[in-house]
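Coordinates in review
Listed below are the residues making up each chain.
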Amino acid sequence: MTNSNDFQWRRDRDGLGVWEHRGKVAIAGYGHSPVDRRWDGENLDTSLGAYTILACQKAMEQAGVTIDQVDGIVCCDSHIAGGSGGSASNWAPRPYFAPPYDSEYGITLINAQWLIGAMGFKNVKFAPTGVPTIGEMVGMASQAVGDGVCNTCLVIYPTGNLEGRYRRGGENADDYARGARQWTVPWGNHGGNDFINIFPHNQYCLKYGGEHDDLAPFVINQHKNGMLTPWGFNVNHGVEPITVEDYKTSRYILNPLRIWDCDRPVNASVAYLFTTAERARDMKSQPVYVLNHSQHNFRFRTTQPDLDEVEMWTDRQAARMYEGAGMGPADVDIFNPYDGYAIMTQFFLEGFQWHGVKRGDAFAFYAGDISVKGPHPFFSSGGNLGNGRTRSAMYTDSIEQLRGTAGDRQVTVRAETALCAFTTPSSGGWLMLGKYPS
Amino acid sequence: MTKLISFDIDGTLEVGDPPGCITLDMVRAAKASGCIIGSCSDRTVSNQQRIWETAGIDMAFTVLKHQLDTVKERFPAADYYHIGDTDLDKQYAERNGFHFLLPDVEVVQLWEGGD
């Protein structure tokens with residue numbers, strides 16, 4: 001199979017100009033599996049493989065596409081818990097099941113090859129390996145369809161979670177802090193982006209004023225929006241909305257990062273169907289158009305980025321995105337950045353200057369009306385904090401807002417363009433969507 | 001004086017996520033034996049209270065995990081126990097002078113054994 005590195009698809013440099021396929025690629029369907037906290041290790045109908053098949057079927061059904069029409073599969077083939085997933089990510093050494101669940105594939109990992117066999121795709125000609133996470137893979141699929149590498153492409157992001165402690169295996173279970181980890185692990189067994197971003201977040205509070213708990217209105221709003229998302233974890237599992245008091249009295253995970261600033265790992269899968277704008281017009285559901293995609297992987301100056309670095313990175317992300325889409329901040333109606341940790345989000349909001357928010361303005365913006373029915377419906381998806389760590393709410397909500405099918409989350413302001421992402425300040429990707437191709 | 005028993009929820013009680021091995025009937029038995037019982041979890045206090053209301057069990061306390069110290073201040077007891085499934089439970093228990101026990105059916109000896 002093609003390796004992702006064999007196909008030059010990234011838009012990860014400054015000054016690339018307007019994307020050559022702007023408005024010529026569309027998303028014609030999406031499908032979500034149920035979102036569970038964990039797989040129980042017994043019921044194969046709720047396994048990651050079964051959920052991924054279900055998500056693909058739903059995406060194809062929504063687009064009105066048959067399995068024979070799919071000629072591209074872009075599936076993230078790594079585990080969301082990463083190398084430190086431990087017992088929460090690896091099924092082995094437990095015994096496998098009957099095919100197609102006779103290896104880690106279908107249980108903890110999904111790749112295109114497994115899906116082709118399990119679902120019976122016959123005409124797939126683009127099925128890369130080494131596929132990155134959803135923040136970048138949507139760009140990979142957009143470029144592949146735009147370049148004609150494939151015409152009708154399923155983009156799949158499985159997020160598995162087994163019983164056991166998430167990311168508490170591998171080197172995180174080691175009694176020793178080796179290499180660069182000697183500088184971080186003694187302060188707590190943390191995954192990376194919490195530790196990396198808490199320092200610039202503290203610098204942010206010192207530079208611009210305010211305090212950590214000024215994030216409370218934002219986090220609470222994410223939970224509210226999550227309760228308006230029919231497929232999300234929170235709304236389906238009795239997770240109750242939190243109050244300001246709940247937030248401010250909650251336990252520190254990494255002072256001042258609170259437990260409600262962190263998303264909840266889940267077991268789920270999602271699929272999106274990308275195709276050419278021309279084909280999408282004849283499909284079953286209203287298409288939304290890809291106006292640009294962009295990726296970034298900025299090099300750290302030191303082991304610990306500071307606020308200046310984070311602001312420079314997010315400024316560059318915004319500049320790339322706006323240039324490639326031929327748009328500016330005032331043109332973006334829906335803004336769904338990333339919130340895996342709540343402390344990251346203000347950097348994106350200010351970098352992209354959505355609704356005129358400049359550096360240092362985020363906390364005051366959060367304190368205003370950011371509800372979906374208000375004038376500044378920030379992060380209308382509810383993100384990961386409102387729906388669980390699927391990393392897909394940002395994309396699905398953007399599609400729904402542009403289609404006018406977001407239900408109780410439908411914003412009352414104009415909804416003709418949407419920016420969505422899975423990204424950290426240093427690495428990830430953005431996608432600009434439009435209700436119209438131009 | 002009696003024993004005080006604090007129950008973690010997730011990974012400890014049968015109604016937790018993930019479910020633990022401590023059943024609500026075991027909690028009821030602990031209360032019936034005269035122990036002071038309550039819950040100590042990262043779940044919001046209101047959510048903990050709703051669990052106990054639904055179960056019909058009157059708890060003496062429902063606190064956040066990092067506020068276990070307030071329980072000792074409020075309730076004089078001969079011995080304090082916290083039952084939980086993580087290192088964090090152990091850390092908070094030991095920091096606040098509670099005996100720490102992993103969720104296990106053997107913990108019933110705490111209340112079946114008497115004072």
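Here the structure is a predicted model, which means the values were calculated and not measured.

With respect to the interface of chain A and chain B
Of the residues lining the interface, 14 residues belong to chain A; the matching set on chain B comes to 15 residues. Between chain A and chain B, roughly 1,100 Å² of surface is buried when both sides are summed, and carbon and sulfur atoms account for 43% of that area. On the chain A side of the interface with chain B, the three residues burying the most area are Arg165, Glu240 and Arg251 of chain A, jointly 50% of the side's total. Counting the contacts that link chain A with chain B gives 4 salt bridges. For Asp17 of chain B, the salt bridge goes to Arg37 of chain A, with nearest N and O atoms at 3.9 Å. Linking chain A with chain B are 5 residue pairs in polar contact (both at pLDDT 80 or more), by the criterion used here. In the side of chain A that touches chain B, the residues fall into 4 nonpolar, 3 polar and 7 charged.

Details of the pattern of salt bridges
Residues and elements named next belong to chain A. With the rule as written, the count across this model stands at 24 salt bridges over all chains. Residue Glu136 is joined to Arg10 by a salt bridge in which the shortest nitrogen-to-oxygen separation is 2.2 Å. Taken together, the residues Glu136 in helix H3 (residues 134-147) and Arg10 in the segment before strand S1 (25-32) connect sequence positions 126 residues apart. Of the residues examined, Glu136 reaches a relative accessible area of 13% and is grouped as buried. The exposure class of Arg10 is partly exposed, given its relative accessible area of 38%. Members of the salt-bridge network, linked through shared partners, are Asp14, Arg316 and Arg320.

Concerning the side chain of Gln48 of chain B
Position of Gln48 of chain B relative to the elements: it lies in helix H2 (residues 45-55). The contact partners of Gln48 of chain B, leaving out residues within four places of it in the chain, are Ile9, Ser39, Cys40, Ser41, Arg43, Thr62, Val63 and Leu64 of chain B.

A closer look at the packing of helix H4 (residues 193-208) of chain A against helix H9 (residues 307-325) of chain A
All names here are of chain A. Contact geometry for H4 and H9: axes closest at 9 Å, N-to-C directions at 95 degrees. Between H4 and H9, the angle falls in the class roughly perpendicular. The residues of H9 that touch H4, namely those facing Pro200, Gln203, Tyr204, Lys207 and Tyr208, are Leu307, Asp308, Val310 and Glu311. Here the residues of the contact of H4 with H9 sort into 5 nonpolar, 1 polar and 3 charged.

Overview of the packing of aromatic side chains
Residues and elements named next belong to chain A. Scanning the entire structure with this criterion turns up 31 aromatic pairs over all chains. Here the aromatic rings of Phe218 and Phe379 are separated by 6.0 Å at their centres, their planes lie at 35 degrees, and the arrangement is tilted. Taken together, the residues Phe218 in helix H5 (residues 216-226) and Phe379 in the loop between helix H11 (362-367) and helix H12 (383-387) connect sequence positions 161 residues apart. Accessibility classification places Phe218 together with Phe379 in one group, the buried group. Look at Phe352 and Trp430: their rings are 4.1 Å apart centre to centre, the planes differ by 40 degrees, and that puts the pair in the tilted class. With Phe352 in the loop between helix H10 (345-351) and H11 and Trp430 in strand S10 (residues 427-434), this pair connects stretches of sequence that are 78 residues apart. Looking at Arg94, its charged tip hangs above the ring of Trp91, at a distance of 4.2 Å from the centre.

About the cut-offs
Residues numbered from 1 in each chain as written. Chains lettered and ligands numbered in written order. Predicted model: local features only at pLDDT ≥ 70, side-chain atom pairs only at ≥ 80, totals over all residues. Heavy atoms only, no water. Contact = heavy atoms within 4.5 Å. Buried area = accessible area lost by both parts, 1.4 Å probe. Salt bridge = Lys/Arg side-chain N within 4 Å of Asp/Glu carboxyl O. Polar contact = N/O pair within 3.5 Å; in protein donor to acceptor, adjacent residues only side chain to side chain. Nonpolar A, V, L, I, M, F, W, Y, C, P; charged D, E, K, R; others polar. Helix = DSSP H or I, 4+ residues; strand = E, 2+ residues; numbered from the N terminus. Buried < 20%, exposed > 50% of the residue type's maximum accessible area, 1.4 Å probe, protein only. Axes fitted to C-alpha atoms, helices over the stretch in contact; angles between N-to-C directions. Parallel < 35°, antiparallel > 145°, perpendicular 65-115°, else oblique. Phe/Tyr/Trp six-rings, centres within 6.5 Å; stacked < 30°, edge-to-face > 60°. Lys NZ or Arg CZ within 6 Å of the ring centre and 35° of its normal.

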